[in-house]
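# Report on the structure
Below, each chain spelled out in residue letters.
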Amino acid sequence: MSDFTYDIDGDGVAVITWDAPGKSMNVLTREALELVEGFIDQALSDDAVKGLVLTSGKKDFAGGMDLNVLASIREESGDTPAQGLFDFTMEGHRILRKLERAGMEPKTNKGGKPVAVAINGTCAGIGTEIALACHHRVMTTNPKAKIGLPEIMVGLFPGCGGTTRYVRMVGAVASAPVLLEGKMMEPKKAKGASLVDALADDPLAAAKDWVLNASAADIVKPWDAKGFKLPGGAPYQPAGFMNFVGASAMVNAQTQGAFPAAKALLSAIYEGALVDFDTALKIEARWFTHILMNPSSSAMIRSLFLNKQALEKGAVRPSDIADQNVKKIGVLGAGMMGAGIALVSAQAGIEVVLIDRDQDAADRGKSYAADYADKGIKRGKTTPEQKEAMLAQISATADLNALKGCDLIIEAVFEDPKVKAEMTQKVEAIIPEDCIFASNTSTLPISELAKASARADQFIGIHFFSPVEKMLLVEIIKGKDTGARAVAKALDYVRQIRKTPIVVNDARFFYANRCILPYLNEGLRMITEGVSPALIDNAARQLGFPVGPLQLTDETSIDLGAKIARATKAAMGDAYPDSPADDLIFWMEEQGRLGRKAGKGFFDYDAKGKRVEYWKGLSDQYPPATAQPDLIEVQERLMFAQVLEAVRALEENVLMDIREGDVGAILGWGFAPWSGGPLSWLDIIGTPYAAARCDQLSETYGERFSCPDLLRDMAAKGQSFYRRFDPEKKSA
């Protein structure tokens, strides 16, 4: 079987059907690209063919390019990888241009055949770029289907003509949500954005009908017609000039200059708008190649596409354990975390028993799901019927006996070992013997909590991030005695609720918080040293972090930070490293400045909870130094504070797979996505430089920056993390 098949119906319409064998979603390969060109040539040269329709044999249209193809081209090209990638990209342009021109005479635009595409489901990436090259795009009316160009989300931009075509269709400003934000749109919105021309319950029939009735004028793209003008104005025209200035400002506001793909995309748009269409395609290919050659692009593709996808498909799941899909889940604690867990579980169709100390508290937890659904109804994301079906999955109660029949329990009660131990024992007396028990703790060691369980092999940590319904990562923690079935159960559950899992061994703060806390503390230390708060937070944002350490401390609450510091100090005793960051946190707590929830923290907030400015009292207590440090110095302190903990976690076998270290960092706390994650970042800057920089930082700022033995050894050998810990070789 081949990826594309060719058939001519009784009306003379050639139908090219995309149905990649053995794959749930169509992705374009080099071989498939050559095959489809052959079918295009066949249709255009056959006088009996009146026109073409492209469609899919799967429930969705296409998921994009097989990104492994780009890696193979780079390797095959030897000493000239850029030339190889550019030539491959231009070959794609040539084939789609052939489809678009469809046999038309170059000068007269006559003699061509109409080409339509029937988009029967979700369509992304190269699938959308192929669709844009067709003369008419018909999409299903199914609201679950989505279409867009999300390449920017994995460090690329649409490089097979999508950028050039879409900007010429709608203009630079109107194209921003699709190109610069990577938004996937449901059919009605896609039609409004001109991604598709028509909607139909039967897209294939509608596409064939259009082909049979299309006029000669219908198949000439605007940019191939005489007198074409860019919508919104070209860069050198008054209106266009303002649009492009605004677009540049918008990109820099959103990315802080940290994401190279966004800047390259804007360059391709601007330069392409100054020339004819075919020259613009060459410019797009040049900038696309430029991004493919940037190590940031490779790192983002690897972490946010390949590694993320592998983890979601069970790359670290115990292979000898049968399917462990959850049928009925018990959630202990109906506070913010418990309510969120109940919500996402019910959305996945799992029966939920939501428990709290009394009925009112349990009902409030269920109302969280109702409120969430109401917001979705207002935005058109869900329906009243879907809301009721989801709420019917949740039973809110104070009766522990309702947990009978559960096959998974997630405990989300108060972060107190005694409270958790008591709840564990009460619940284990009720639930089936084979039920897996999980704790949603964010800091308490799982092995210690498991001591309260009579079934330690069935006890595991499932750490959600807040807010549960928005955060994509779930951290699964193996205790000392946790068995393989518990791990498989946790992984299968995370797959059911459509989140990305990482599995780590038990240790203080696990993996995510172990790396987040040094980031926060380094920012706080700088305050005590006289570094400007604005410099600290902006330095982080210019690295690509969603928020700086001071803002993040306000968001997570200052009293929580104080509580963690006290608990850690009590647990570690004399081994606890005293820190000026603790002094600052305790002082802020004494001032009653507990963060956003209190309406005052490192920032002042208005009555609606909006940040106004940094609190002036902070500079009274910790006056900013006259001479401020270099931006790069601040940024490297913030970066190394985190990445060194990631290395230590790997060194100590807390982190068992480097893919989880990178994916977990980006999804868990927004670690500089352009870098591909902490271990990918070390590969980008090189382990020799990283080790040398550790020595400089530790000499200046202290032992927390001392170089881990693993990193020192890798630096001496000139190794990278993805060479030394190649997950594919490991699994082979």
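What you are looking at is a predicted structure, and each value in this text was computed from that prediction instead of being measured. (Residues numbered from 1 in each chain as written. Predicted model: local features only at pLDDT ≥ 70, side-chain atom pairs only at ≥ 80, totals over all residues. Heavy atoms only, no water.)

## As for the overall build of the protein
Along the protein, the regular secondary structure elements total 31 helices and 21 strands. The C-alpha radius of gyration computed for the protein amounts to 28 Å, which stays within 12% of the reference 27 Å derived for 732 residues, consistent with globular compactness. Along the longest, intermediate and shortest principal axes, the C-alpha atoms of the protein span 85 × 65 × 55 Å. Relative to its 732 residues, the protein shows a buried fraction of 55%. When contacts within the protein are restricted to residue pairs at least 6 apart in sequence, long-range pairs at least 24 apart make up 72% of them. Element-wise, carbon and sulfur atoms account for 52% of the exposed surface of the protein, whose accessible area totals about 31000 Å². Across the protein, the 83 positively charged side chains and the 95 negatively charged ones have centroids separated by 3 Å. (Helix = DSSP H or I, 4+ residues; strand = E, 2+ residues; numbered from the N terminus. Rg over C-alpha atoms; globule rule 2.2 N^0.38 Å. Buried < 20%, exposed > 50% of the residue type's maximum accessible area, 1.4 Å probe, protein only. Contact = heavy atoms within 4.5 Å. Areas by Shrake-Rupley, 256 points an atom, 1.4 Å probe, with all protein chains shown as cover. Lys, Arg positive; Asp, Glu negative; His and termini not counted. Charge placed at Lys NZ, Arg CZ, Asp CG, Glu CD.)

## A look at the sheet that holds strand β13 (residues 351–355)
Adjacent strands of a sheet pair through backbone hydrogen bonds, lying either parallel or antiparallel. If you walk across this open sheet you meet the 8 strands as β14-β13-β12-β15-β16-β17-β18-β19, and the pairing is mixed. Across the chains shown, the open sheet's two edge strands, defined by having one partner strand only, are β14 (394–397) and β19 (500–505). When strand polarity is set aside, the average angle formed by the axes of neighbouring strands in this sheet is 25°. As paired strands, strand β12 (residues 328–332) and strand β15 (residues 408–411) are joined by 4 bridges and run parallel to one another. Counted as the bridge partner of L332 is E411 from β15. Across the face of the sheet, helix α16 (residues 417–428) comes into contact with β12, β15, β16 (436–439) and β17 (459–464) while running at roughly 165° to β16. (Pairing = 2+ DSSP bridges. Axes fitted to C-alpha atoms, helices over the stretch in contact; angles between N-to-C directions.)

## Focus: the pattern of salt bridges
Applying the stated rule across the entire model yields 46 salt bridges. The residue D356 makes a salt bridge to R357 at a minimum N-O spacing of 3.4 Å. Residue R357 is classed as exposed on the basis of its relative accessible area of 66%. Linked through salt bridges whose partners overlap, the residues forming this network are R97, E100, R101, R165, K221, D224 and D278. (Salt bridge = Lys/Arg side-chain N within 4 Å of Asp/Glu carboxyl O.)

## A short note on the pairing of β16
Because side chains alternate across β16, one face comprises the buried residues I436 and A438, and the other comprises F437 and S439, equally buried. As judged from the 4 bridges shared by β15 and β16, these two strands associate in the parallel manner. Note that in β16 the partner of E411 across the bridge is S439. Note that the unit made of β15, α16 and β16 has a crossover that is right-handed. Sheet topology note: the β16/β17 ladder contains 3 bridges and is parallel. What sits directly across from F437, in β17, is F459. (Right-handed = clockwise from strand over helix to strand, strands pointing away.)

## Notes on the UniProt feature "domain: 3-hydroxyacyl-CoA dehydrogenase C-terminal" (unreviewed entry) in the protein
UniProt marks residues 510–605 with the feature "domain: 3-hydroxyacyl-CoA dehydrogenase C-terminal" (unreviewed entry), using the numbering shown here. Between the end C-alpha atoms of residues 510–605 there is a gap of 33 Å, over a span that is 64% helix and 3% strand. (UniProt positions renumbered as here; feature names shortened; annotations may be inferred.)

## Re a positive patch on the surface
On the surface, a cluster of positive charge is made up of K189, K375, K378, R379, K381 and K470. Secondary-structure assignment places K381 in the loop between α14 (359–378) and α15 (384–391). (Patch = residues over 30% accessible without salt bridge, like charges linked within 9 Å, V, L, I, M, F, W, Y side chains within 5 Å.)

## Quick notes on the state of the cysteines
Taken as a whole, this structure holds 0 disulfides when the rule is applied. Between C134, a cysteine without a disulfide, and C123, which holds the nearest cysteine sulfur, the sulfur-to-sulfur distance is 9.7 Å. C406 supplies the cysteine sulfur nearest to C435, a cysteine that is in no disulfide, at a spacing of 6.1 Å. (Disulfide = S-S within 2.5 Å.)

## Comments concerning empty space enclosed by the protein
Empty space among the atoms can be located by rolling a probe the size of a water molecule over them. This model, assessed by the stated rule, comprises 2 cavities of 30 Å³ or more. Of the volumes computed, that of the largest cavity is approximately 90 Å³. Forming the boundary of the largest cavity are 13 residues, of which F4, V36, L54, L96 and I130 lie nearest the centre. Counting residues per element, the ones that place at least two in the lining of the largest cavity are α1 (30–45), β4 (51–56) and α3 (81–101). Here the residues of the lining of the largest cavity are counted per class, giving 12 nonpolar, 1 polar and no charged. Approximately 50 Å³ is the volume attributed to the second largest cavity. Of all the elements in the fold, those that place two or more residues in the lining of the second largest cavity are α5 (162–170) and α10 (260–272). It is α5 that contributes the most residues to the lining of the second largest cavity, 4 residues altogether. (1 Å grid on protein atoms, 1.4 Å probe; cavity = no way out; pocket = protein on both sides within 12 Å on 5 of 7 lines; lining within 4 Å. Points joined across faces, edges and corners; volume = space filled by probe spheres on them. Nonpolar A, V, L, I, M, F, W, Y, C, P; charged D, E, K, R; others polar.)

## Observations regarding the environment of C123
Within the secondary structure layout, C123 lies in strand β7 (residues 123–124). Along the sequence, C123 and D218 sit 95 residues apart, while their C-alpha atoms lie 23 Å from each other. Not counting residues up to four positions away in its chain, the partners in contact with C123 are F61, A62, T128, K146, I147, G148 and M184.

## Concerning the sheet that holds strand β9 (residues 147–148)
With mixed pairing, 3 strands are arranged side by side in an open sheet as β7-β9-β10. Two strands bound the open sheet, and with one partner strand each, they are β7 and β10 (184–185). Inspection of the sheet shows β7 paired to β9 by 2 bridges, in the parallel sense. Bridge pairing in β9 places A124 opposite G148.

## What about helix α26 (residues 658–669)?
Taking 1.5 Å per residue, 12 residues should reach 16 Å; α26 reaches 17 Å between its end C-alpha atoms and fits that length. With respect to burial, α26 is a largely interior element, 12 of its 12 residues being buried. Among the residues making up α26, those that are buried are I658, R659, E660, G661, D662, V663, G664, A665, I666, L667, G668 and W669. One or two positions beyond α26, positive phi appears at G670, with a value near 75°. (Expected span 1.5 Å × (residues − 1).)

## Quick notes on the packing of α14 against α15
Relative orientation and spacing of two packed helices are given, respectively, by the angle between their axes and the distance between those axes. The N-to-C vectors of α14 and α15 enclose an angle of 165°; their axes lie 10 Å apart at closest approach. In this view, α14 runs roughly antiparallel relative to α15, as classed from their interaxial angle. Two packed elements cross with a definite hand, and for α14 against α15 that hand is right-handed. Facing K366, A369, A370, A373, D374 and I377 of α14, the residues of α15 in contact are P384, K387, M390 and L391. Taken together, the residues that form the contact of α14 with α15 break down as 7 nonpolar, no polar and 3 charged. (Parallel < 35°, antiparallel > 145°, perpendicular 65-115°, else oblique. Left-handed = near helix turned anticlockwise from the far one by under 90°.)

## Brief notes about the side chain of K308
With respect to the secondary-structure elements, K308 resides in helix α12 (residues 295–312). At a separation of 2.8 Å, a polar atom in the side chain of K308 contacts the side chain of E312. (Polar contact = N/O pair within 3.5 Å; in protein donor to acceptor, adjacent residues only side chain to side chain.)

## Description of the layout of surface pockets
The computed volume of the second largest pocket comes to approximately 1100 Å³. Considering the residues around the second largest pocket, the lining is formed by 27 residues, among which A71, E75, S298, R302 and Y722 are closest to the centre. When residues of the lining of the second largest pocket are traced back to their parent elements, those giving at least two are α2 (67–76), α12, α27 (678–685), α30 (721–724) and α31 (727–731). Looking at the lining of the second largest pocket, the element that brings in the most residues is α12, giving 9 residues. Its residues assigned to classes, the lining of the second largest pocket comprises 12 nonpolar, 6 polar and 9 charged.

## What about the domain arrangement of the protein?
Taken domain by domain, the protein holds domain 1 (4–293) and domain 2 (328–507). With centres defined by C-alpha atoms, the gap from domain 1 to domain 2 works out at 43 Å. (Domains from an automatic or database assignment.)

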